[in-house]
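Fold and geometry: a report
Next come the chains, spelled out residue by residue.
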Amino acid sequence: MLKFIKNHMESIIGIEIYPIISLLIFFIFFVVLFWWVVTAKKDYIKTVSQMPLDNQNNQKL
């Protein structure tokens, strides 16, 4: 099965760019996520972390 897929993929012209694009998207996403976490305001982080524990925001159905 893997041999069939490998041979089929090798016959497609220009397919070698897709792994590079996938790696770039993965890398850029996590760099941006890391940058957002590092630069996030501490007040915002504290507010968001307390939201699940805040009884005023809970709605009873």
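None of these values were measured; they are calculated from a predicted model.

Considerations on the overall build of the chain
- When helices and strands are counted, the chain shows three helices and zero strands.
- Listing the helices and strands of the chain from first to last along the sequence gives α-α-α.
- Out of the 61 residues in the chain, the part that is buried amounts to 2%.
- When the accessible area of the chain is evaluated, it comes to approximately 6500 Å², of which 71% is carbon and sulfur surface.

Structural notes on the packing of aromatic side chains
- Under the defined criterion, the tally for this structure stands at three aromatic pairs.
- One aromatic cluster in this structure is built from Phe26, Phe29 and Phe30.

Section: the confidence of the model for the chain
- Put simply, the chain has an average pLDDT of 83, and 87% of its residues get 70 or more.
- The spread of mean pLDDT over the elements of the chain runs between helix H1 (residues 2–10), the lowest at 75, and helix H2 (residues 17–39), the highest at 95.

What counts and what doesn't
Residues numbered from 1 in each chain as written. Predicted model: local features only at pLDDT ≥ 70, side-chain atom pairs only at ≥ 80, totals over all residues. Heavy atoms only, no water. Helix = DSSP H or I, 4+ residues; strand = E, 2+ residues; numbered from the N terminus. Buried < 20%, exposed > 50% of the residue type's maximum accessible area, 1.4 Å probe, protein only. Areas by Shrake-Rupley, 256 points an atom, 1.4 Å probe, with all protein chains shown as cover. Phe/Tyr/Trp six-rings, centres within 6.5 Å; stacked < 30°, edge-to-face > 60°. pLDDT = per-residue confidence, 0-100.

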